[in-house]
Amino acid sequence: MAILIYAIWTKKPKRKQKSLWIAVSFFFFFSNVFIANQVLHWWEKDGLATNQIQEGAYDIAILLGGYGNAYGLPQDGRFVFAGSANRFTQTLELYRTGRVKRILLTGGKSDIRQRNNSEAVAAQAFLLRLGVPESDIIVETNARNTRENALFTKALLDDMEHGKCLLVTSAFHIPRASACFDAVGLDYTPYAVDYMKGRSTYKVSRFLVPDPAAFQIWGLLLKEWIGLIAYKLVNYA
């Protein structure tokens, strides 16, 4: 957008033409779903498979937030999912199939303007409505980011007896989440869900036709990379 504005603003024909070519090139690159998918294959590593987890293998599944939509409609008490719903549903599947014994929900209000309960509290109420016993749910309500997810979860677990832990979050988020939990010294096994990458297909349309989904992929990846760099600079990860 900045390059396009410059192309309109500049009075020099050569700079205008060069700027337009750069803008078109940027648009093609970042709207190309094939390129975005190849980058995802590099970033999202294949991890622990569900069929590798035996019944009763883990005592606690640590479920990181980001799966709920606090602004979603209707606002009538039901739980509204966001794009990362697989974080929640696949954790519930692990619990229902007996692979984990309890679920730890960590996540407060990521936006101070929110007037409703924290995501973890809302998710707890939803799990109770689904028939999950309250004794099988552990709730941490104050974390506002991944760093605090790790800090507050470690403090909570240090005050209780627990066995092996499974860390559940989206595949694109695993590197940053793992770095944060490693930094606080919590012993866990990462479990990636909600993969964005797909099979590499070589259709002409994937090379030539712009796809808005590619912009969303790049937005998430850039957020993760900038976040990981920032966390390392301040020794959060």
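In this text the structure is predicted, and so the values were computed from the model without any measurement.

Describe helix H5 (residues 119-129), and please don't skip the residues or the numbers.
By the burial criterion, the buried members of H5 are Glu119, Ala120, Ala123, Gln124, Phe126 and Leu127. For H5, the arc enclosing every buried residue in end-on projection is 165°, short of the 170-degree limit, so these residues lie on one face. Among the structural elements, helix H4 (85-96), strand E2 (100-106) and strand E3 (137-140) are those in contact with the buried residues of H5. Note on H5: the residue one or two positions beyond its end, Gly131, has a positive phi of about 95°.

Go over the state of the cysteines with me, naming the residues and quoting the values.
A full pass over the atoms with the stated rule returns zero disulfides. Cys165 forms no disulfide, and the closest cysteine sulfur to it belongs to Cys180, at a distance of 16 Å.

Lay out unusual backbone geometry with the relevant residues and their values.
Residues Leu73 and Pro74 are joined by a peptide bond in cis, for which omega reads 0°. Counting through the fold element by element, Pro74 comes out in the loop between strand E1 (58-64) and H4. For Asp194, which is not glycine, the phi dihedral falls at a positive 60°. Examined against the element boundaries, Asp194 turns out to sit in the loop between strand E5 (189-193) and helix H8 (204-208). Even without glycine at this site, Asn235 takes up a positive phi of about 60°. Take Asn235: it is sitting in the segment after helix H9 (212-233).

Give a detailed account of the packing of helix H1 (residues 2-9) against helix H2 (residues 13-30), specifying residues and quantitative values.
Interhelical geometry of H1 versus H2 gives an angle of 160° and a closest axis separation of 8 Å. Judged by the inter-axis angle, H1 sits roughly antiparallel to H2. Every pair of crossing elements has a handedness; the one defined by H1 and H2 is left-handed. Counting all contacts with H1, which are made through Ile3, Leu4, Tyr6, Ala7 and Ile8, the residues of H2 involved are Arg15, Lys16, Ser19, Leu20, Ile22, Ala23 and Phe26. Looking at the contact of H1 with H2 residue by residue, the classes come out as nine nonpolar, one polar and two charged.

Please give an account of the packing of aromatic side chains that cites residues and values.
Each aromatic ring pair is described using two quantities: the centre-to-centre distance and the angle formed by the ring planes. With the rule as written, the count across this model stands at 20 aromatic pairs. Centre to centre, the rings of Tyr231 and Tyr236 are 5.5 Å apart; their planes meet at 75°, and the pair counts as edge-to-face. You can call Tyr231 buried: its relative accessible area is 11%. Clustering of aromatic rings is evident, with ring pairs tying together Phe26, Phe29, Phe30, Trp42, Trp43, Trp218 and Trp225. Geometry around Tyr58 places Lys164 over its ring, the cationic atom sitting 4.9 Å from the centre. The lysine or arginine in question, Arg176, covers the ring of Tyr231, its NZ or CZ lying 5.3 Å from the ring centre.

Conventions adopted
Residues numbered from 1 in each chain as written. Predicted model: local features only at pLDDT ≥ 70, side-chain atom pairs only at ≥ 80, totals over all residues. Heavy atoms only, no water. Buried < 20%, exposed > 50% of the residue type's maximum accessible area, 1.4 Å probe, protein only. Helix = DSSP H or I, 4+ residues; strand = E, 2+ residues; numbered from the N terminus. Arc of directions from axis to C-beta. Contact = heavy atoms within 4.5 Å. Disulfide = S-S within 2.5 Å. Axes fitted to C-alpha atoms, helices over the stretch in contact; angles between N-to-C directions. Parallel < 35°, antiparallel > 145°, perpendicular 65-115°, else oblique. Left-handed = near helix turned anticlockwise from the far one by under 90°. Nonpolar A, V, L, I, M, F, W, Y, C, P; charged D, E, K, R; others polar. Phe/Tyr/Trp six-rings, centres within 6.5 Å; stacked < 30°, edge-to-face > 60°. Lys NZ or Arg CZ within 6 Å of the ring centre and 35° of its normal.

This is a description of form; function is not addressed.
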